[in-house]
Amino acid sequence: MKRITVKEIQIKDSLIPNSFDGFKIVHISDIHYSEKYNTMYLWWSEKIGSINIRNLSSSDISACKQYLINEDVRTGKNKVIKRGANTVNKYLMALSAVLTYAVNELELIETNPMAKVKILPKPSGRDRTLSVDEIPLLAQACKDISEDTLMFFLLLLYAGGRYSEIHTLQVHNIDFKNSRLYFIDTKNKTNINKNFRT
């Protein structure tokens, strides 16, 4: 099947699709996406691919959300499970991205029907921190890998930065005199400085 690019749509209006199925092909051909998102797009295509995108309603999506929650899924180990809240939300966000693209860039619809569909509350999860006894053990395991891995671990431990913040940290973001790290343009789009004295 030939993938339609956005450039082709702009040149040939007749290529603008009316169903989610055709629209999905347009959207995902224009961006890079991982295999897991391909699985999500294929699932949505199966469920609502025949519906004209202009007729897709919030209630259609809500019905699909219930199906996502209750559907049995077979894992790689041939075990049957239900999708967790985080996975269901990822499916919803994958669809929302496509519909937002239809609203903002292709102007196929005026509003995103996902706007009225609530995502599932995230499970509280397990709060896991290192015990005082585990810190030197993990530090030694990091040192056994390399000095760089040890340094990375110590910066995570003492500065409390996110993985991406420590990973992108540069020498000019370190104030050695005052023992401070400066995280610029963090995930929350803020600048943060942290003390790293031990």
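That block above? That's the structure.
1. Comments concerning the pairing of strand β4 (residues 180–183)
At step 1: A one-sided burial pattern is seen for β4, the buried positions being Leu-181 and Phe-183 and the unburied ones Arg-180 and Tyr-182.
At step 2: Direction of pairing for strand β3 (residues 174–175) relative to β4: antiparallel, over a ladder of two bridges. Bridging from a neighbouring strand, Asp-175 pairs with Arg-180 of β4.
At step 3: Between β3 and the antiparallel strand that follows it, β4, lie four residues; Ser-179 among them carries a positive phi value of about 55 degrees.

2. Details of the pattern of salt bridges
At step 1: Enumeration over the complete set of coordinates arrives at three salt bridges.
At step 2: The residue Glu-46 makes a salt bridge to Lys-47 at a minimum N-O spacing of 3.5 Å.
At step 3: Since its relative accessible area comes to 64%, Glu-46 is described here as exposed.
At step 4: Look at Lys-47 and you get partly exposed, because its relative accessible area is 29%.
At step 5: The salt bridge partner of Lys-82 is Asp-72, with a shortest N-O separation of 2.7 Å. Here the residue Lys-82 occupies a position in strand β2 (residues 80–82), and Asp-72 occupies one in strand β1 (residues 72–74), the gap between them amounting to ten residues.
At step 6: The class of Lys-82 is partly exposed, set by a relative accessible area of 46%.

3. Observations concerning the packing of helix α6 (residues 134–145) against helix α7 (residues 147–159)
At step 1: Look at α6 against α7: their axes get within 5 Å of each other, and the N-to-C directions meet at 145 degrees. In contact with Ile-135, Leu-138, Ala-139, Cys-142, Lys-143 and Ile-145 of α6, α7 contributes Glu-147, Thr-149, Leu-150, Phe-153 and Leu-157.
At step 2: Considering only residue class, the contact of α6 with α7 consists of eight nonpolar, one polar and two charged.

4. A closer look at the nonpolar core
At step 1: One finds Trp-44, Ile-61, Leu-95, Leu-99 and Met-114 to be the most contacted residues of the largest nonpolar core, which totals 25 residues.
At step 2: The set of elements that each furnish at least two residues to this core consists of α3 (35–48), α4 (58–70) and α5 (85–104).
At step 3: Considering each element in turn, this core owes the most residues, ten residues, to α5.

5. Brief notes about the packing of α4 against α5
At step 1: Their axes nearest at 10 Å, the elements α4 and α5 cross at an angle of 150 degrees. Here α4 is positioned roughly antiparallel relative to α5, judged by the angle of their axes. Crossing of α4 against α5: the hand is right-handed. Taken together, the residues of α5 that come into contact with α4 (itself represented by Ile-61, Lys-65, Leu-68 and Ile-69) are Val-88, Tyr-91, Leu-92, Leu-95 and Leu-99.
At step 2: Looking at the contact of α4 with α5, its residues break down into eight nonpolar, no polar and one charged.

Rules and cut-offs
- For every chain, the first residue of the written sequence is number 1, and numbering continues from 1 along that sequence.
- With the structure being a predicted model, the display of local features is reserved for residues of pLDDT at least 70 and the display and counting of side-chain atom pairs for 80 or more, all residues being used for whole-chain, interface and lining totals.
- Water and hydrogen atoms play no part in the side-chain values, which are based on all heavy atoms of the structure.
- Three labels apply to residues, based on accessible area from a 1.4 Å probe with only protein chains included: buried if under 20% of the type maximum, exposed if over 50%, partly exposed otherwise in between.
- Think of it this way: any DSSP run of H or I at least four residues long counts as a helix, any run of E at least two long counts as a strand, and we number them from the N terminus.
- When DSSP finds at least two bridges between two strands, those strands are taken to pair.
- Salt-bridge detection follows one rule: a side-chain nitrogen of Lys or Arg within 4 Å of a carboxyl oxygen of Asp or Glu.
- Where helices are involved, their axes are fitted lines through C-alpha atoms of the stretch in contact, as for all axes, and angles between N-to-C directions lie from 0 to 180°.
- In what follows, residue pairs with any heavy atoms lying within 4.5 Å of each other are defined as contacts.
- Gly counts as polar in this scheme, as do all residues outside two lists: the nonpolar Ala, Val, Leu, Ile, Met, Phe, Trp, Tyr, Cys and Pro, and the charged Asp, Glu, Lys and Arg.
- The term nonpolar core refers to a set of buried residues drawn from Ala, Val, Leu, Ile, Met, Phe, Trp, Tyr and Cys, joined through side-chain atoms within 4.5 Å.
- Angle categories are assigned with fixed cut-offs, so that under 35 degrees is roughly parallel, over 145 is roughly antiparallel, 65 to 115 is roughly perpendicular, and the rest are oblique.
- Handedness of a crossing follows from how the near helix is turned relative to the far one, being left-handed for an anticlockwise turn of less than a right angle and right-handed for a clockwise one.

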